[in-house]
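# Geometric and topological summary
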Amino acid sequence: MSDLSAILGGNPLWETICASIADAKAPHSLAAVLPSDCHALFCLEYAHRILCFSGTGYDGCPSCKSWNEEQHPDLVCLGSLNESPGIADCRSLLETLSLQPFVAPYRLAVIYGADKLSVPAANSLLKLTEEPPERGHLLYLAERDTFLDTMRSRDWMFTARPEGTDWRSVAPPAGAVEWGQWFDKTKKYTNPELKAVVEGWGKTLSERDAYFQFSDLLWVVEMAEKRHLPCSLVQD
């Protein structure tokens, strides 16, 4: 069984998400790719923070006091751990998410099984993901990254890394000369070696508010590893 605390601990992507929520700059839509046995716990951890007035999740504010075990008046869940929501549920979500929050600063809709959504159901969520209600937030939970490109461009992406990942604080190359040296140095790297290098940039890029760049870089090197693409192609 996966350990959520080990997955989140020290992860610069998660640290950036938490800091953004605390600064009232939370992503309107977050897509999280992690083991299915972590979905329910991740949902609660994220929801506690989003629905909290201070963004910390456990400060005793009126919203925090409104939790009843795993339920909250402003938390809406579609689908389940074993089944993704159908198109009818997805189409009705806009109206549900547009309601004024009952007690929290926002309403949060969680879509389980996002990687198993039918194409019509996924397409019906595109407009909502791009332009959610002012007080509405979305969380997509998936075990595999099979999101449509049009969906990825609208979401913050969070992908769980293997437990024990070494999130070193290493700055990426700066300027044409350093990038040229980096390309020469890494052109014969294997994909796992290249992925380790990119992971090392995590903290630095997150601290620079370059969340999307780091998320996209991780996705590129992961796809390259899965598809056995040569490192030179990945560099391009």
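Residues numbered from 1 in each chain as written. Predicted model: local features only at pLDDT ≥ 70, side-chain atom pairs only at ≥ 80, totals over all residues. Heavy atoms only, no water.

The next point concerns the sheet that holds strand β5 (residues 156–159). Across the sheet, five strands lie side by side as β2-β3-β4-β1-β5; this open sheet has parallel pairing. Of all the strands in the sheet, just β2 (75–78) and β5 have a single pairing partner and so form its edges. Strand-to-strand twist across the sheet, computed as the mean angle between neighbouring axes with direction ignored, equals 20°. Relative to strand β4 (residues 136–142), strand β1 (residues 29–33) is paired through five bridges, and the arrangement is parallel. Residue pairing for β4: A32 is matched across the bridge by L141. Of the strands in this sheet, β1, β2, β3 (107–111), β4 and β5 touch helix α3 (residues 39–50), which is tilted by about 165° from β4. Contacting β2, β3 and β4, helix α4 (residues 87–97) runs over the sheet at an angle of about 170° to β3. (Pairing = 2+ DSSP bridges. Helix = DSSP H or I, 4+ residues; strand = E, 2+ residues; numbered from the N terminus. Axes fitted to C-alpha atoms, helices over the stretch in contact; angles between N-to-C directions. Contact = heavy atoms within 4.5 Å.)

Residues F42, Y46, L108, L139, L141 and F158 are the most contacted members of the largest nonpolar core, which totals 44 residues. Sort the elements by how many residues they give to this core and α3 lands first, with six residues. Apart from residues no more than four positions distant in its own chain, Y46 is found in contact with W14, I17, I21, P27, L30, L108 and L139. Counting 22 residues, the second largest nonpolar core, distinct from the first, contains C90, A114, A122 and L126. (Core = buried A, V, L, I, M, F, W, Y, C linked by side-chain atoms within 4.5 Å. Buried < 20%, exposed > 50% of the residue type's maximum accessible area, 1.4 Å probe, protein only.)

Tallied over the entire structure, the rule returns five aromatic pairs. With centroids separated by 6.2 Å and ring planes inclined at 65°, the aromatic side chains of W14 and F158 adopt a geometry described as edge-to-face. Of this pair, W14 sits in helix α2 (residues 12–22) while F158 sits in strand β5; the two residues are 144 residues apart in sequence, bridging distant segments of the chain. Here W14 and F158 have matching classes, each one buried. Aromatic side chains F42 and Y46 sit 6.3 Å apart centroid to centroid with 5° between the ring planes, which places their arrangement in the stacked category. Of the two residues, F42 and Y46 are both situated in helix α3; the distance of four residues between them amounts to about one turn of the helix. Among the aromatic side chains, those forming a connected cluster through ring pairs are W14, F42, Y46 and F158. (Phe/Tyr/Trp six-rings, centres within 6.5 Å; stacked < 30°, edge-to-face > 60°.)

To continue, consider the environment of P105. Secondary-structure assignment places P105 in the loop between α4 and β3. Along the backbone, P105 and G136 are 31 residues apart, and their C-alpha atoms lie at a distance of 9.3 Å.

Take the pairing of β5 next. Where burial is concerned, the two faces of β5 agree: the one with W156 and F158 and the one with M157 and T159 are both buried. Summarising the sheet, β1 and β5 pair through four bridges and their orientation is parallel. By the bridge assignment for β5, V33 is matched with T159.

Take the pattern of salt bridges next. In total, this model carries five salt bridges according to the counting rule given. K116 is paired through a salt bridge with D115; the nearest N and O atoms lie 3.9 Å apart. When its relative accessible area of 45% is taken as the criterion, K116 is described as partly exposed. Taking the shortest distance from any N to any O, the salt bridge between D115 and R144 comes out at 3.7 Å. (Salt bridge = Lys/Arg side-chain N within 4 Å of Asp/Glu carboxyl O.)

This paragraph deals with the pairing of β3. In terms of burial, β3 is a largely internal element, five of the five residues being buried. A two-sided burial pattern is seen for β3, the buried positions comprising R107, A109 and I111 on one face and L108 and V110 on the other. Direction of pairing for β2 relative to β3: parallel, over a ladder of four bridges. What sits directly across from C77, in β3, is V110. With five bridges joining them, β3 and β4 adopt parallel strand pairing. If you follow I111 over to β4, its bridge partner there is Y140.

From the geometry alone we can't say anything about function, so treat these as descriptive.
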